[in-house]
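Architecture and fold: a report
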Amino acid sequence: MTDGCDGCGDPVSDALARTVRLTVDRSQIDSQRLCPECFADWIDRYETEMGTDREVIDDGDDEIIVD
């Protein structure tokens, strides 16, 4: 099956496509089907935005909740 990439619109086969899903509290917020090039761009953007170069704000709450 060949569908379009949600990033650039170019056709991409299922074997090459990657799906990025954003979920919060088990609810899906967004899903994107990306070609390899758009996926690589997404990863670069994610690493840049979520990297350790960003200022960390200590809110005093070190508790981790796992459900």
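The residue numbers shown here count from 1 along each chain, following its written sequence. For a predicted model such as this one, the threshold for reporting local features is a pLDDT of at least 70, and the threshold for listing and counting side-chain atom pairs is 80 or more; totals across whole chains, interfaces and linings nevertheless cover every residue. Hydrogens and water are ignored here; the side-chain numbers use all heavy atoms of the structure.

Pairing geometry for strand E3 (residues 18-24) and strand E4 (residues 27-34), over seven bridges, is antiparallel. Of the residues in E4, the one forming a bridge with Arg-21 is Ser-31. Strand pairing is assigned whenever DSSP detects at least two bridges linking the two strands. Numbering of helices and strands runs from the N terminus, with a helix taken as a DSSP run of H or I at least four residues long and a strand as a DSSP run of E at least two residues long. Where E3 hands over to E4, the hairpin turn is made up of two residues, of which Asp-25 adopts a positive phi near 50 degrees.

Of note in the backbone geometry, Asp-25 takes a positive phi value of approximately 50 degrees without being a glycine. Structurally, Asp-25 is set in the loop between E3 and E4. Under the relative-accessibility criterion, Asp-25 is labelled exposed at 74%. In the Ramachandran plot, Arg-26 falls in the positive-phi region, its phi being about 70 degrees despite a non-glycine side chain. Along the chain, the position of Arg-26 falls in the loop between E3 and E4. Summary of the burial criterion: residues with accessible area below 20% of their type's maximum are buried, those above 50% are exposed, and those between are partly exposed, where the area comes from a 1.4 Å probe applied to protein chains only.

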